[in-house]
Amino acid sequence: MPPTIDTHAHVFHRGLQLAPGRRYAPDYDAPLALYLEQLDRNGMSNGVLVQPSFLGSDNSYLVACLKQAGGRLRGIAVVDPAATTDELRALDRAGVVGIRLNLVGQPLPDLAASEWKALLANLKAIGWQVEIQRNAADLAALAPQLLDYGVAIMLDHYALPDPKLGVADPGFQSVLKLGAARNVWVKISAPYRNGAAGEEFAKAAYPLLREAYGLDRLLWGSDWPHTQFEATQTYAKNRQFLDTLIADESERAQVLASPRTLFHF
């Protein structure tokens, strides 16, 4: 059986140390056991834990969960740009396969700065990806800079175009052009983060992304536990929406299996 991989979920509990300057923190627990239950219930073989922004660069809970899951999960960490080679290699041994830049509401990093150059060279050497959450207009400028360093790039949540413009957003049109680079992937995840009409947007965006990127570079993520959208979202609802979005079973199977190599499963 080909794998079915959920490439985007978060685990946390209220006892963890929160990062200073965080935008928000949830008032409930989303423990590993509950996430594994979601995978089992929805027929998913593997998952990817993404470090939540409110925990900053303390990846200790993420690492503990990866070890506990015994190879079923991979991780995307948040690291300080000055992270050492040894720190990255320790994360790599634990099952981390990339870093996340959650740049929503943050200044864009100066990728020409020496610490970023050193970090990105290290990431390329160990075969990690850089996952970015940022609006499409800024991704259009940021992604080419990252590509110059030779790292694989993952764009979160349909690349977050302006919800008022949807697929007509010039930033989204630029993101489509990045498909030619062959080293960029897009997550078809969390349509609700693309405005009130997010599902309609996703239905318009998917065929354009498929044409630009090919099925091997589109990945599905549940975005569990749907932080700040818990009242309207569930794992099952998001998994079922994928069936609506990609009606063809073999095409859907390909999207669910395609993360295998990139995430080192």
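See the structure above.
(A) Summary view of the packing of aromatic side chains. Under the criterion given, the structure shown has seven aromatic pairs. When the ring of Phe12 is compared with that of Phe54, the centres are 5.2 Å apart and the planes differ by 80°; the resulting orientation is edge-to-face. Of this pair, Phe12 sits in the loop between strand 1 (5-9) and helix 1 (32-41) while Phe54 is found in the loop between strand 2 (46-50) and helix 2 (60-68), placing the two residues 42 residues apart along the sequence. What makes Phe12 buried here is its relative accessible area of 1%. A relative accessible area of 4% means that Phe54 is categorised as buried. Taken together, the aromatic side chains of Phe12, Tyr28 and Phe54 make up a single cluster linked through ring pairs.

(B) Quick peek at the packing of helix 5 (residues 136-147) against helix 6 (residues 170-177). For the pair helix 5 and helix 6, the least separation of the axes is 7 Å and the interaxial angle reads 35°. Crossing of helix 5 over helix 6 shows left-handed handedness. For the pair helix 5 and helix 6, contact is made by Ala136, Ala137, Leu139 and Ala140 and by Gly171, Phe172, Ser174 and Val175, respectively.

(C) Up close: the packing of helix 7 (residues 198-213) against helix 8 (residues 235-245). The geometry of helix 7 relative to helix 8 is characterised by a closest axis approach of 11 Å and an angle of 40° between their N-to-C directions. Between helix 7 and helix 8, the angle is such that the two are oblique. Crossing of helix 7 against helix 8: the hand is right-handed. Contacts between helix 7 and helix 8 involve Glu199, Ala202, Lys203 and Tyr206 from the former and Lys237, Phe241, Thr244 and Leu245 from the latter. Counted by class, the contact of helix 7 with helix 8 contains four nonpolar, one polar and three charged residues.

(D) Fine view of the sheet that holds strand 3 (residues 73-77). Ordered by their spatial adjacency, eight strands build an open sheet running 1-2-3-4-5-6-7-8, and the pairing between neighbours is parallel. In this open sheet, the two strands that pair with only one neighbour each are strand 1 and strand 8 (218-221). In this sheet, adjacent strand axes meet at a mean angle of 25° when their direction is disregarded. Summarising the sheet, strand 2 and strand 3 pair through four bridges and their orientation is parallel. Residue pairing for strand 3: Gly47 is matched across the bridge by Leu73. Sitting on the sheet, helix 2 touches strand 2, strand 3 and strand 4 (96-102), and the angle it makes with strand 3 is about 165°.

(E) Looking closely at the pattern of salt bridges. Under the defined criterion, the tally for this structure stands at 14 salt bridges. Two residues, Glu131 and Arg100, come together in a salt bridge whose shortest N-O distance is 3.4 Å. Here Glu131, found in strand 5 (residues 129-133), pairs with Arg100, found in strand 4; they are 31 residues apart in sequence, far enough to count as distant. Arg100 shares its class with Glu131; the two are buried. Here Asp156 makes a salt bridge to Arg100, at a shortest N to O gap of 3.0 Å. Linking Asp156 in the loop between strand 6 (152-155) and helix 6 with Arg100 in strand 4, this pair joins segments that are 56 residues apart in sequence. Assigned by exposure class, Asp156 and Arg100 land together as buried. By sharing partners, the salt bridges in this structure join Arg100, Glu131, Asp156 and Lys187 into a single network.

The rules behind these values
- Residues numbered from 1 in each chain as written.
- Predicted model: local features only at pLDDT ≥ 70, side-chain atom pairs only at ≥ 80, totals over all residues.
- Heavy atoms only, no water.
- Phe/Tyr/Trp six-rings, centres within 6.5 Å; stacked < 30°, edge-to-face > 60°.
- Helix = DSSP H or I, 4+ residues; strand = E, 2+ residues; numbered from the N terminus.
- Buried < 20%, exposed > 50% of the residue type's maximum accessible area, 1.4 Å probe, protein only.
- Axes fitted to C-alpha atoms, helices over the stretch in contact; angles between N-to-C directions.
- Left-handed = near helix turned anticlockwise from the far one by under 90°.
- Contact = heavy atoms within 4.5 Å.
- Parallel < 35°, antiparallel > 145°, perpendicular 65-115°, else oblique.
- Nonpolar A, V, L, I, M, F, W, Y, C, P; charged D, E, K, R; others polar.
- Pairing = 2+ DSSP bridges.
- Salt bridge = Lys/Arg side-chain N within 4 Å of Asp/Glu carboxyl O.

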